[in-house]
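Next come the chains, spelled out residue by residue.
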Amino acid sequence: MAAKWNLYRYARFNTAVEKAIWHDEEKRWKVSIKVLGGKDSEYSSGYTITSDYLVSGMGQLNEPNYPNIPGLDSFEGKVMHSARWDWTYSLEGKRIGIIGNGATAAQAIPELVKVAESLVVFQRAPNWVVPRMDRAITPFRQNLYSAVPPVRQLYRAALMDFRESLHESISKPGSQTAMLTEQAHKMLMEAQLPNRPDLWEKLTPNYPTGCKRVIISDDIFPALGLPNVTLETNSIEEITPKGVKAKDKEEYEFDLIVLATGFRTVDFMYPLRITGRNGRSISDIWNGHARALYGVAVEDLPNFGMLYGPNTNLGHNSIILMIEMQSRYITTMINTVLNVRKSGKSFALTPKTKRVKEFNERIQNILSKTSFADPRCNSWYKTKDGVVTNNWWGTVVEYQKTLSLIDWNDYDSEGTGQGLVPAKNTYIGRVVEESRFSMATAGAMVGIVALAAGTLFFRRRLTEKLL
């Protein structure tokens, strides 16, 4: 992708952004860059980039979270965080302990058990698990999608509709959708772990679906039922030089400890130091928990945008759909600023503090009633005091519609070009991926699919006979 669009010429590798400072007089950002790597740093240990606009693409899942467990540094074997994997280390025949059982662990465990002598999974709380249902797209379906593009579009729209419908399990705890999700977990677990009521009890959550990230997997349950796997649910007391000591248990000895403990999710943009208007730091602006207008613009940070910022994570659909909409919104903001700058005028747009406050009060009121905020579980979605800083309150379509229009009244303008702000709201639009037709139209489409499938089938049979 980078080669196709000739993006490498814009990329700076072996570099780290240390800090970004907004200069009120120039109405520009000064970004301090540290050069990493021996060869590159021979020429310069660092430099500064000046820009009219600054965008953070750091997201929510970038800085590993290392658990605060006594004795972690004393372990004499190998320790690896799942986000900092050492691919030179052989796993073959190793005694492995994995701390954590979330989405990362659900991907790692089925692979680790294939080569490990033994594996102990340290689980703090169980997760709701639903089947992944990955299936190969057959040559017949590929040909059908190619020959009749509306069929492919119909299928994609159906997937979108299905995923969006799952939001009800989060917004309405105890709803029928939530119950169906929990039933899917139970059916999958009991089918893949037959005659293991000891594991059923350990693997069944006591909190509503969606409170923590729902695991989508077809192979985590079978892996946990293997004879060389132990599911340890007692809390970890300490890590010793030889292994891990769990409460009321003898010490487990390991060659390798895997930390599947996630990221510092509520510390947005950590460890980057950002200073905005009037010398305000990002820590001072947020003062406890991150917030932003529509998840993209932060008060007192002029000409600044975020991708995958506060309250834009999902528990039911794809984050890509959110980021694509954010990129359209931010790009429109950038073009507006640059068009004014081209006229030789200084210009800055900053979200109004009042609008940021109103927006966040509204969404926090809604989020407080969702399963995300349920006090029965701890998750990376919220701060220690229970504020949901990471997740969006609604569906993807609701978010896309919110960002499909830029209301310039949301922003304060500064500089000699402040009078050049568009007088009217700017309509951006959005990519519509959900169904856009009635059931009657859907029925007609099904008929077209059947007709196309039949045509392809008989054409293939006829060709085979002729050959």
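The preceding data block contains the structure.
Notes on the structure follow. Values in this document were obtained by computation on a predicted structure and should not be read as measured data. (Residues numbered from 1 in each chain as written. Predicted model: local features only at pLDDT ≥ 70, side-chain atom pairs only at ≥ 80, totals over all residues. Heavy atoms only, no water.)

This part covers the side chain of Glu 232. Within the secondary structure layout, Glu 232 lies in strand 10 (residues 229-232). Since its relative accessible area comes to 2%, Glu 232 is described here as buried. Engagement of the side chain of Glu 232 in a polar contact is seen with the backbone nitrogen of Asn 234, the distance being 2.9 Å. For Glu 232, the side chain forms a polar contact with the side chain of Lys 249, separated by 2.7 Å. If we ignore the near neighbours within four places in the chain, the residues touching Glu 232 are Val 120, Val 121, Phe 122, Gln 123, Ala 246, Lys 249 and Tyr 252. (Helix = DSSP H or I, 4+ residues; strand = E, 2+ residues; numbered from the N terminus. Buried < 20%, exposed > 50% of the residue type's maximum accessible area, 1.4 Å probe, protein only. Polar contact = N/O pair within 3.5 Å; in protein donor to acceptor, adjacent residues only side chain to side chain. Contact = heavy atoms within 4.5 Å.)

Here the focus is helix 4 (residues 149-165). For helix 4, spanning 17 residues, the distance from its first C-alpha to its last is 24 Å, which sits close to the expected 24 Å at 1.5 Å a residue. Every buried residue of helix 4 is accounted for by Val 151, Leu 154, Ala 157, Met 160 and Glu 164. (Expected span 1.5 Å × (residues − 1).)

Moving on to the packing of helix 3 (residues 139-147) against helix 4. In contact at an axis separation of 4 Å, helix 3 and helix 4 are set at 110° when each is read in the N-to-C sense. When the axes of helix 3 and helix 4 are compared, the pair comes out roughly perpendicular. Packed against helix 3, whose contacting residues are Arg 141, Leu 144, Tyr 145, Ser 146 and Ala 147, the element helix 4 presents Pro 149, Val 151, Arg 152 and Tyr 155 at the interface. Residue composition of the contact of helix 3 with helix 4, by class: six nonpolar, one polar and two charged. (Axes fitted to C-alpha atoms, helices over the stretch in contact; angles between N-to-C directions. Parallel < 35°, antiparallel > 145°, perpendicular 65-115°, else oblique. Nonpolar A, V, L, I, M, F, W, Y, C, P; charged D, E, K, R; others polar.)

Turning to helix 11 (residues 353-367), a few remarks are in order. Its 15 residues place the ends of helix 11 21 Å apart at the C-alpha level, agreeing with the 21 Å of an ideal helix rising 1.5 Å per residue. Every buried residue of helix 11 is accounted for by Val 356, Phe 359, Asn 360, Ile 363, Gln 364 and Leu 367. Axial view of helix 11: buried residues confined to an arc of 125°, hence all on one face. Looking at helix 11, the residues exposed on the side facing more than 90 degrees away from the buried face are Lys 354 and Lys 357. In this fold, the buried residues of helix 11 make contact with strand 17 (348-351). (Arc of directions from axis to C-beta.)

Our focus in this paragraph is the nonpolar core. Within the largest apolar cluster, 37 residues are counted, with the highest numbers of intra-cluster contacts made by Val 296, Tyr 329 and Met 333. When contributions to this core are tallied by element, the ones reaching two or more residues are helix 10 (319-342), helix 11 and helix 12 (396-403). Sorting elements by how many residues they give to this core places helix 10 first, with nine residues. With 30 residues, the next largest nonpolar core counts Ala 103, Ile 215, Phe 221 and Ala 223 among its residues. (Core = buried A, V, L, I, M, F, W, Y, C linked by side-chain atoms within 4.5 Å.)

Across all of its chains, the model carries one disulfide by this definition. Sulfur-sulfur distance for the disulfide between Cys 211 and Cys 377 comes to 1.9 Å. Its S-S torsion of about -100° marks the bond between Cys 211 and Cys 377 as left-handed, since a negative value means left-handed. One end of the pair, Cys 211, is in the loop between helix 7 (197-202) and strand 9 (215-216); the other, Cys 377, is in the loop between helix 11 and helix 12, and 166 residues separate them in sequence. Across the pair, exposure class does not vary: Cys 211 and Cys 377 are buried alike. (Disulfide = S-S within 2.5 Å.)

Right, let's talk about the pattern of salt bridges for a bit. Tallied over the full model, the rule gives 27 salt bridges. A salt bridge links Lys 30 to Glu 26; the shortest N-O distance between them is 3.4 Å. When its relative accessible area of 36% is taken as the criterion, Glu 26 is described as partly exposed. Between Asp 255 and Arg 95 there is a salt bridge whose closest N-O contact spans 3.0 Å. Of this pair, Asp 255 sits in the loop between strand 13 (252-253) and strand 14 (256-259) while Arg 95 sits in strand 6 (residues 95-99), and the two are 160 residues apart along the sequence. The class for Asp 255 is partly exposed, based on a relative accessible area of 23%. Several salt bridges share partner residues, and in doing so they unite Arg 277, Arg 280, Asp 284, Arg 291, Glu 299, Asp 300 and Glu 414 into one network. (Salt bridge = Lys/Arg side-chain N within 4 Å of Asp/Glu carboxyl O.)

If you walk through the whole model with that rule in mind, you get 16 aromatic pairs. With 5.7 Å between their ring centres and 85° between their planes, Phe 122 and Tyr 252 make a pair best called edge-to-face. A residue pair is termed long-range when its members are at least 10 positions apart, and Phe 122 in strand 7 (residues 118-122) and Tyr 252 in strand 13 qualify at 130 residues. Taken as a pair, Phe 122 and Tyr 252 share a single burial class, namely buried. Both rings, one in Tyr 145 and one in Tyr 155, keep their centres 6.0 Å apart while their planes meet at 20°; by these two values the pair is stacked. One end of the pair, Tyr 145, is in helix 3; the other, Tyr 155, is in helix 4, and ten residues separate them in sequence. A connected cluster of aromatic rings, assembled from ring pairs, spans Tyr 294, Tyr 329, Phe 359, Trp 392, Trp 393 and Tyr 399. The side chain of Lys 94 reaches across the aromatic face of Tyr 89, ending 5.2 Å from its centre. Positioned above the aromatic ring of Tyr 155, the side-chain terminus of Arg 141 is 5.1 Å from the ring centre. (Phe/Tyr/Trp six-rings, centres within 6.5 Å; stacked < 30°, edge-to-face > 60°. Lys NZ or Arg CZ within 6 Å of the ring centre and 35° of its normal.)

This is a description of form; function is not addressed.
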